[in-house]
Amino acid sequence: MTTRNNRSFAANLRFACDTRPSITAICREIGINRQQFNRYLAGQSRPSPYNTGKIARYFGLKPQDFLLPEKRFQEVLDAPAEAAGPASLLREGFPGDLAELRQYAGYYELFHKSLSWPGKIVRSCAKIEEKSGQITVKSIERIYDRELEIRQFSKYSGLAAYWRSRLFIVERGVSEHSFLCQTTLMPFAEHQRTYLYGVTTGVSWRQQNVPYSTRTIWRAVGTNPDKRRLLEGCGLVVEKSPKVPLPVRRYLNSEGENHTLVAAR
């Protein structure tokens, strides 16, 4: 059965490729090595489930369509593809260069300044990990203001992509008052991944939901840190506190510091 499936997959893939200008262009647009792709075409090997998904989405198909009888496959391929168009292109944006992005998996301390608490830096934490060919991001923000008797505990869940030496993270708040925010990060230097700096944009957590943009910096703390200690470190910290690493203070307090539009979350 496996040999028959390989033959069906290869024959259907060849037919699909014949509808495009060149194999080279297909490999470049999908993001698969040409030599490896040639082995798929020859039936010498089957792509992984992740690569099968990428190939299927490229042609506007489902992965299982490539195992259909050849005549039926041709009918499906000729039918209008629901997945084609901008939505498909957007989904293909994640994870981007997976090999590069994998190097950023692990736990992080996150820092940004908030107008809600002038003179303070908000320290939170996040985890970047791979799941089924996608790179997921989960972050937690915990704030306790004893004087104002404010307790805030927020969770965010999202996806990460890597394009042209930049990390792009889109998150959604996990609550009934959900929203989306987007973070763009880059390392301080080409081979230095301890600190990632960039900008986060979104809307405030208050009822007004006003938009904001603020500088942010992520500090890598490894793949297996003390999770309890990491969570306990979340909260408000004075801007010039020695508890805040020097690179963080320099970046957040530099000239043109926040670029904040209205308010931070």
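Right above here is the structure, for reference.
In this text, all values refer to a predicted model and were calculated from it rather than measured experimentally.

Attention now goes to the overall build of the protein. When you go through the protein residue by residue, the secondary structure sums to nine helices and nine strands. Taking all 265 residues of the protein together, the buried fraction comes to 43%. Put simply, of all contacts in the protein between residues at least 6 apart along the chain, 54% involve residues at least 24 apart. Carbon and sulfur atoms form 51% of the exposed surface of the protein, whose accessible area is close to 15,200 Å².

Our next topic: the pattern of salt bridges. For the coordinates displayed, the defined rule picks out six salt bridges. Between Arg 72 and Glu 75 there is a salt bridge whose closest N-O contact spans 3.2 Å. A residue pair is termed a helical-turn pair when its members lie 3 or 4 positions apart in one helix, as Arg 72 and Glu 75 do in helix α5 (residues 70-78) at three residues. By relative accessible area, which is 44% here, Arg 72 ends up partly exposed. We classify Glu 75 as partly exposed; its relative accessible area is 42%. In this structure, Glu 129 and Lys 127 form a salt bridge, with 3.4 Å as the shortest nitrogen-oxygen distance. Accessibility expressed as a relative area gives 28% for Lys 127, which makes it partly exposed. Among the charged side chains, a salt-bridge network with shared partners connects Lys 127, Glu 129 and Lys 131.

Definitions and cut-offs
- Residues numbered from 1 in each chain as written.
- Predicted model: local features only at pLDDT ≥ 70, side-chain atom pairs only at ≥ 80, totals over all residues.
- Heavy atoms only, no water.
- Helix = DSSP H or I, 4+ residues; strand = E, 2+ residues; numbered from the N terminus.
- Buried < 20%, exposed > 50% of the residue type's maximum accessible area, 1.4 Å probe, protein only.
- Contact = heavy atoms within 4.5 Å.
- Areas by Shrake-Rupley, 256 points an atom, 1.4 Å probe, with all protein chains shown as cover.
- Salt bridge = Lys/Arg side-chain N within 4 Å of Asp/Glu carboxyl O.

Honestly, it's all geometry; don't read function into it.
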